[in-house]
Amino acid sequence: MLKTLRQIRRTGIVTEPMPAPDDALRIRAALERRILGILGRALAVRMVDAGSCNGCELEVHALTNPIYNIEGLGVHFVASPRHADLLLVSGPVTVAMREPLLRVYEATPDPKLVVAIGDCGCDGGIFGCRGPSLGAVANVIPVDVAVPGCPPSPNRLLAGILAALDASAALDVGQEGRGRAE
Amino acid sequence: MTLKTWLAASAPLAEDPAIRYLRVGAEEWRRLAEDVAASGGRLLALWGQDATAGHPAVFAAYHTAAGLWVGELRRDGPESADDPYPGVQDLYPFAGRMQRAIRDLQGLRSTDPDLRPWLRHPPGEAYEFVRVEGDGVHEIPVGPVHAGIIEPGHFRFSVVGEKVLRLEERLGYVHKGIEQRFVEFDALDGCRLAARVSGDSAVAFSWAYCIALESQWRARIPRRALWLRALALELERVANHLGDLGALGNDAGFAFGLAQFSRLKELVLRATETAFGQRYPMDWVVPGGVARDLPAAAAAALDRCLADVVAESAVLRGIYDEHAGVRDRFTGTGTIAPELAARLGLAGLAGRASGQAHDLRADLRYAPYEELRPAVCGAVAGDVAARVAVRFDELLESCRLARRILAGLPAGDSRVAIVPPASDEFGIGAVEGWRGPVLVALATAAGGRIRRCHPHDPSWQNWPAIEHAVIDNIVPDFPLINKSFNLSYSGHDS
Ligand code: SF4
């Protein structure tokens, strides 16, 4: 126990300042301002791997390390879509993951913000969009923000999440504005 | 027959005397599998090809004391393609799923009885799980989408109370058609796709791909480039082991471990970025060498970072060892005894924690490991604690190797130009990645197009073992057991 405490003290606080939201990443704005009032900055995120090479997940994991400390920003990962405000989805969406992804989307309560991550989530990336690969996340569910990169760095992921929040705060677009991209 | 007789019947593949290639008939296909098993050898990979690659065939790659073997059984001759080829599941239990995958992808069927699809998920068709009947037995379906930040797959538990009677896995959810995708790439460019078969093993896969390509194109790679590749491979091992050690602590209810190890991992990733330009070096190992040489300043920073990792992880290992709660969760959990491991063909890190002392770096001694002489780490208990211990040992050993490389990096070029020959070629490359033996089989056409490429992740060998490891454990220990193997879904499903 003493060793543990000593190690904690020695390590100290290593968290770095957070990056600014990157509005260039915004590809779709769709939420009413009042919803953000409810959300504030406490954001529940559900991660869905819809077919990635697992590289994107590694960088999402990094967000939870003490250096990026995403929980310190009020963003936490939840185990069920029913508790989620935002879905973080990596791609390319595979044929076998199409149904499960749709089901997760249906189970997520409004406002369902969706951030597609990685080149694969944005447009199919290196795996393309053919055969068992359905390509972009937006081919299956509506996407608010897409974060390119292979994999995107933790800071870019963070900027993308913040952009989705800001997008939802800044624009007054009703639910009708969210169509299926299929 | 013994392996000696096979040796006489075989030819070196791509002029490499350590890789023997054999064209076999159906009967020999089976006998070769038997003789390799009898000699204590192991199956590394099994794959198929259809007429688009020239002719339908199944291939097997074996690893024996004499080196690597590749057997090819063509299915376009008198033994027609509709005729099942002899299955080898009785000799190598994990071969069953690979045979099912060959049927999914190439339509070639083995004589083994399980004909359920494996990588393919036919829409609207329910998968037939094996049912466990009995008093008080109930089923718990988990996935494909999981609670944590992990890849998708389905697990079907049959339990009594908290105790697991049986686990059946259903994978293939992240099957992206990588093999089909490969043929749309030029061979010099296909390396980028290979690196993304399993992102956490990008260096292992891109290196194995390069070996397959460079050997069939008879290219000689500068020594400096080989050392740099080994540096990247060892850093990949360090980063993954750090990540897993933290996650394992967390799964045992010790969040302190996650905070500490994930911090160390981040430091290694940053040092990796300074050295190779990418946190995860996906595009750094390239045909002919490496994409860019190591900046001088990066070498010093990297060495300091590794020295820190060694010092810090020694402290953390002491804390893990002394923590009663952690020790209790790790010890005796998810055990694969050595005899079972041998029968299942358990590979890589998990195999070494169950007494299977295989490590391609030491066994094949491919360059530069014949100079670097890595120590093979291992344990025999085969439980979560053993897999943790092997990770700690390998972490140290990889730090040692990486620092040795930094100190003794040979001078010279880090990349040479390589050109395709005017003929069709075929080659394989095998590398011991952090998870286990990664193999890439590659066939190129004159001019440099890819005819066929099969990337094989060691998760194929080890996924079936998890079904055994959880028996008689309690359901809440499954995440811990699963993490202690940390297998790739993407690498397996490809
Ligand atoms: S974007 Fe890159 S890291 Fe992410 S899933 Fe695609 S290939 Fe992997």
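About the thresholds
- Residues numbered from 1 in each chain as written.
- Chains lettered and ligands numbered in written order.
- Predicted model: local features only at pLDDT ≥ 70, side-chain atom pairs only at ≥ 80, totals over all residues.
- Heavy atoms only, no water.
- Helix = DSSP H or I, 4+ residues; strand = E, 2+ residues; numbered from the N terminus.
- Rg over C-alpha atoms; globule rule 2.2 N^0.38 Å.
- Buried < 20%, exposed > 50% of the residue type's maximum accessible area, 1.4 Å probe, protein only.
- Contact = heavy atoms within 4.5 Å.
- Areas by Shrake-Rupley, 256 points an atom, 1.4 Å probe, with all protein chains shown as cover.
- Lys, Arg positive; Asp, Glu negative; His and termini not counted.
- Charge placed at Lys NZ, Arg CZ, Asp CG, Glu CD.
- Buried area = accessible area lost by both parts, 1.4 Å probe.
- Salt bridge = Lys/Arg side-chain N within 4 Å of Asp/Glu carboxyl O.
- Polar contact = N/O pair within 3.5 Å; in protein donor to acceptor, adjacent residues only side chain to side chain.
- Nonpolar A, V, L, I, M, F, W, Y, C, P; charged D, E, K, R; others polar.
- pLDDT = per-residue confidence, 0-100.
- Phe/Tyr/Trp six-rings, centres within 6.5 Å; stacked < 30°, edge-to-face > 60°.
- Lys NZ or Arg CZ within 6 Å of the ring centre and 35° of its normal.
- Axes fitted to C-alpha atoms, helices over the stretch in contact; angles between N-to-C directions.
- Parallel < 35°, antiparallel > 145°, perpendicular 65-115°, else oblique.
- Left-handed = near helix turned anticlockwise from the far one by under 90°.
- Core = buried A, V, L, I, M, F, W, Y, C linked by side-chain atoms within 4.5 Å.
- Domains from an automatic or database assignment.
- Near = heavy atom within 4 Å.
- Pairing = 2+ DSSP bridges.

A look at the overall build of chain B
Here's step 1: A count of helical and extended segments in chain B gives 18 helices and 13 strands.
Here's step 2: At 22 Å, chain B has a C-alpha radius of gyration in line with the 23 Å of a compact globule built from 494 residues.
Here's step 3: Expressed as lengths along the three principal axes of its C-alpha atoms, the size of chain B is roughly 70 × 65 × 45 Å.
Here's step 4: Each of the 494 residues in chain B was classed as buried or not, and the buried ones make up 62%.
Here's step 5: For chain B, restricting intrachain contacts to residue pairs at least 6 apart in sequence, the fraction spanning at least 24 positions comes to 68%.
Here's step 6: Carbon and sulfur atoms provide 53% of the accessible area of chain B, an area that totals close to 17,000 Å².
Here's step 7: The centroid of the 54 positive side-chain charges in chain B is displaced by 3 Å from the centroid of its 63 negative side-chain charges.

Focus: the interface of chain B and chain A
Here's step 1: Across the boundary between the two partners, chain B contributes 50 residues, which contact 46 residues of chain A.
Here's step 2: Of the roughly 3,800 Å² buried at the junction of chain B and chain A (both faces included), carbon and sulfur atoms supply 62%.
Here's step 3: In this structure, B:Glu322 engages A:Lys3 in a salt bridge whose closest nitrogen and oxygen atoms are separated by 3.0 Å.
Here's step 4: For the interface between chain B and chain A, the tally reads 25 residue pairs in polar contact (both at pLDDT 80 or more).
Here's step 5: At the level of elements, helix H4 (178–182), helix H5 (190–194), helix H8 (255–276) and helix H9 (296–322) of chain B are the ones that each hand at least two residues to the side of chain B that touches chain A.
Here's step 6: At 10 residues, the largest contribution of residues to the side of chain B that touches chain A is made by H8(B).
Here's step 7: Its residues placed into classes, the side of chain B that touches chain A shows 22 nonpolar, 14 polar and 14 charged.

A closer look at the pattern of salt bridges
Residue and element names in this part refer to chain B.
Here's step 1: Inspection of every chain in the model, using the stated rule, returns 45 salt bridges over all chains.
Here's step 2: For the salt bridge of Arg116 with Asp114, the shortest nitrogen-to-oxygen distance reads 3.0 Å.
Here's step 3: Its salt-bridge partner being Arg435, residue Asp457 comes within 4.0 Å of it at the nearest N-O pair. Of this pair, Asp457 sits in the loop between strand S13 (450–456) and helix H16 (459–469) while Arg435 sits in the loop between strand S11 (425–432) and strand S12 (437–444), placing them 22 residues apart in sequence. Arg435 carries the same exposure label as Asp457, and that label is buried.
Here's step 4: Linked through salt bridges whose partners overlap, the residues forming this network are Glu234, Arg237, Arg352, Asp359, Arg361, Glu394 and Glu432.

Quick word on the confidence of the model for chain B
Here's step 1: Mean pLDDT over chain B stands at 94; residues scoring 70 or higher make up 99%.
Here's step 2: Reported confidence for the predicted complex is 0.94 by ipTM and 0.93 by pTM.

Considerations on the packing of aromatic side chains
Residue and element names in this part refer to chain B.
Here's step 1: A complete count under the given rule lists 20 aromatic pairs over all chains for this structure.
Here's step 2: Where Trp29 meets Tyr85, the ring centres are 6.2 Å apart and the plane angle is 85°; that geometry is what we call edge-to-face. Taken together, the positions of Trp29 in helix H2 (residues 26–38) and Tyr85 in the loop between strand S5 (67–74) and helix H3 (95–106) put the pair 56 residues apart, joining distant regions of the chain.
Here's step 3: What makes Trp29 buried here is its relative accessible area of 2%.
Here's step 4: Among the aromatic residues, ring-to-ring pairing joins Phe254, Phe256, Phe261, Tyr320, Phe330 and Phe392 into one connected group.
Here's step 5: We note Arg156 situated over the ring of Phe129; from NZ or CZ to the ring centre the distance is 4.0 Å.
Here's step 6: Geometry around Phe485 places Arg387 over its ring, the cationic atom sitting 4.0 Å from the centre.

Things to note about the packing of helix H7 (residues 223–251) of chain B against H8(B)
Residues and elements named next belong to chain B.
Here's step 1: One way to put it is that H7 packs onto H8 with a least axis distance of 7 Å and a crossing angle of 160°. The angle between H7 and H8 places the two elements in the roughly antiparallel class. H7 and H8 meet at a crossing whose hand is left-handed. Residues Leu231, Ala232, Leu235, Val238, Ala239, Leu242, Gly243, Leu245, Gly246, Ala247 and Asn250 of H7 lie in contact with H8, whose contacting residues are Ala255, Gly257, Leu258, Phe261, Leu264, Lys265, Val268, Leu269, Thr272 and Phe276.

Here's the deal with the nonpolar core
Here's step 1: By size, the foremost hydrophobic cluster in this structure holds 157 residues, and its most contacted members are B:Tyr209, B:Leu231 and B:Phe426.
Here's step 2: Residues lining this core come from more than one domain, with at least three contributed by each of domain 1 (3–106) and domain 2 (178–456) of chain B.
Here's step 3: When sequence neighbours within four positions are dropped, the list of residues in contact with B:Leu231 reads B:Phe276, B:Leu294, B:Leu302, B:Ala402, B:Ile405 and B:Leu406.
Here's step 4: Membership of the second largest hydrophobic core comes to 25 residues, among which are A:Val115, A:Ile117, A:Leu157 and A:Ile161.

Some words on the site of the ligand
Here's step 1: Taken together, 14 residues surround the ligand, and among them A:Cys53, A:Cys56, A:Asp119, A:Cys120 and A:Cys150 come closest.
Here's step 2: The residues that come close to the ligand belong to more than one chain, namely chains A and B.
Here's step 3: Elements represented by at least two residues in the shell around the ligand include exactly helix H3 (55–63) and helix H5 (118–123) of chain A.
Here's step 4: Top element by residues in the shell around the ligand is H5(A). It accounts for 3 residues.
Here's step 5: Split into classes, the residues belonging to the shell around the ligand amount to 7 nonpolar, 5 polar and 2 charged.

Description of the pairing of S13(B)
Here's step 1: Buried residues dominate S13(B), accounting for 7 of its 7 residues.
Here's step 2: Hairpin connection between S12(B) and S13(B): a loop of 5 residues separates the two successive antiparallel strands, and B:Gly447 in this loop has a positive phi of roughly 95°.

Side note on unusual backbone geometry
Here's step 1: In this structure, A:Pro111 follows A:Asp110 across a cis peptide bond, with omega equal to -5°.
Here's step 2: Of note, A:Pro111 is situated in the loop between helix H4 (95–107) and strand S4 (113–117).
Here's step 3: Omega for the peptide link from B:Gly143 to B:Pro144 comes to 15°, which places this bond in the cis form.
Here's step 4: Residue placement: B:Pro144 occurs in the loop between strand S6 (137–142) and strand S7 (154–160).
Here's step 5: Even without a glycine there, the phi angle at A:Asn54 is positive, about 85°.
Here's step 6: Checked against the element boundaries, A:Asn54 lands in the loop between strand S1 (43–49) and H3.
Here's step 7: Judged by relative accessible area, which is 4%, A:Asn54 ranks as buried.

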